Amino acid sequence: MQHLTLNNGVTMPALGFGVFQTPPDVTEQAVTSALETGYRLIDTAAAYANEREVGNAIRNSGLPREEVFIETKVWISDYGYDQTLHAFDKSAGKLGVETIDLFILHQALPSRFDLTTEAYRALEQLLADGKVRAIGVSNFMPDHLDALLKQVSVVPAVNQIEVHPYFTQPAAQAADAAHGILTQAWSPIGGITSYRGTGTSTFEDPVITAIATAHGRTPAQVMLRWHLQQGRNAIPKSVRPQRIAENIDVFDFQLTPAELEALDNLDTGVRGGPEPEAITLETFGRDIPEA
């Protein structure tokens, strides 16, 4: 496993395992399979409603706590300084840990950016108190980053955004790089193009499948290799042991510069997830249960 060094010196695995949309009743087994296969970064979120099962799998794995990098996210309903401090207690309680390795804001809340800023200030306090090892954001666009950085002291270590060959977000990636923020790709193999798309999915794209054939690899492995070679962190998800194992088997081949460029050129500019400006408490707010 390769590792990436965050802007505060903390290291994290370059490839992780995600559990977005993984039902609680299958999460524990999926994470167990991932840990057995060699993953050491697990990404979850309060809004996924499966933190408890992630924690159970990690605890039952027999692995030392320090060997597993745990990342989770604060949902917008818990934004605000005191609310976000309590959100940590809820997530840590469900995960069954005292320290969270990477704690991030799940979305910008443009209509209440004051709450977003106060939430991030709570993350800064948690970092200062040693309760988290690194802090960051998710789905923040360049203007959100600019607005946040004018009001806080700690530059986010990570910005987790939608990145796959059909949606590369070059402006957001450039903004991250300019601030020394690691771009972490969600839906890194374009799964969202399968379950929300209206045309060809990334798994069937002729450019991607041709590169995969040339290397004797799968389209998913090609896309994950693309992320790794361009310095991004990626968090693929699956509940199938064969696919979980396949997705981590990407450290023993190289894409050529021309192949990397060909993948970049597939960008359609079409976002699969919700528009960041559309995130409001009225539309997306939901109560996050206590631990």
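Residues numbered from 1 in each chain as written. Predicted model: local features only at pLDDT ≥ 70, side-chain atom pairs only at ≥ 80, totals over all residues. Heavy atoms only, no water.

## Some details on the overall build of the protein
Line of reasoning, step 1. Counting its regular elements, the protein contains 12 helices and 10 strands.
Line of reasoning, step 2. Here the C-alpha radius of gyration of the protein, 18 Å, is about what a compact globule of 291 residues would show, namely 19 Å.
Line of reasoning, step 3. Its C-alpha atoms put the protein at 55 × 45 × 35 Å along the principal axes.
Line of reasoning, step 4. Relative to its full complement of 291 residues, the protein shows a buried share of 54%.
Line of reasoning, step 5. Across the protein, the fraction of contacts at a sequence separation of at least 24, relative to all contacts at a separation of at least 6, is 74%.
Line of reasoning, step 6. When the accessible surface of the protein is summed, it comes to about 11700 Å², and 51% of that surface belongs to carbon and sulfur atoms.
Line of reasoning, step 7. Distance between charge centroids for the protein: 3 Å, based on 21 positive and 36 negative side chains. (Helix = DSSP H or I, 4+ residues; strand = E, 2+ residues; numbered from the N terminus. Rg over C-alpha atoms; globule rule 2.2 N^0.38 Å. Buried < 20%, exposed > 50% of the residue type's maximum accessible area, 1.4 Å probe, protein only. Contact = heavy atoms within 4.5 Å. Areas by Shrake-Rupley, 256 points an atom, 1.4 Å probe, with all protein chains shown as cover. Lys, Arg positive; Asp, Glu negative; His and termini not counted. Charge placed at Lys NZ, Arg CZ, Asp CG, Glu CD.)

## Some thoughts on the pattern of salt bridges
Any two side chains of opposite charge can pair, given that their charged atoms come close.
Line of reasoning, step 1. In total, this model carries 10 salt bridges according to the counting rule given.
Line of reasoning, step 2. The salt bridge partner of Arg-112 is Asp-114, with a shortest N-O separation of 2.8 Å.
Line of reasoning, step 3. A relative accessible area of 44% places Asp-114 in the partly exposed class.
Line of reasoning, step 4. A salt bridge links Glu-246 to Arg-243, with the shortest nitrogen-to-oxygen separation between them at 3.6 Å. Taken together, the residues span about one helical turn, with Glu-246 and Arg-243 both in helix α10 (residues 241-248) at a distance of 3 residues. (Salt bridge = Lys/Arg side-chain N within 4 Å of Asp/Glu carboxyl O.)

## Considerations on the packing of aromatic side chains
Line of reasoning, step 1. Under the definition given, this model contains 3 aromatic pairs.
Line of reasoning, step 2. Relative to Tyr-48, the ring of Phe-20 lies with its centre 5.3 Å away and its plane at 55 degrees, an arrangement referred to as tilted. One end of the pair, Phe-20, is in the loop between β3 (17-18) and α1 (24-37); the other, Tyr-48, is in the loop between β4 (41-43) and α2 (51-60), with 28 residues separating them in the sequence.
Line of reasoning, step 3. A relative accessible area of 28% places Phe-20 in the partly exposed class.
Line of reasoning, step 4. Taking the ring centre of Trp-226 as reference, the NZ or CZ of Arg-232 above it sits at 4.4 Å.
Line of reasoning, step 5. Over the ring of Trp-75 we find Arg-286, and its NZ or CZ is 4.9 Å from the ring centre. (Phe/Tyr/Trp six-rings, centres within 6.5 Å; stacked < 30°, edge-to-face > 60°. Lys NZ or Arg CZ within 6 Å of the ring centre and 35° of its normal.)

Keep in mind that these numbers describe shape and distance, not what the molecule does.
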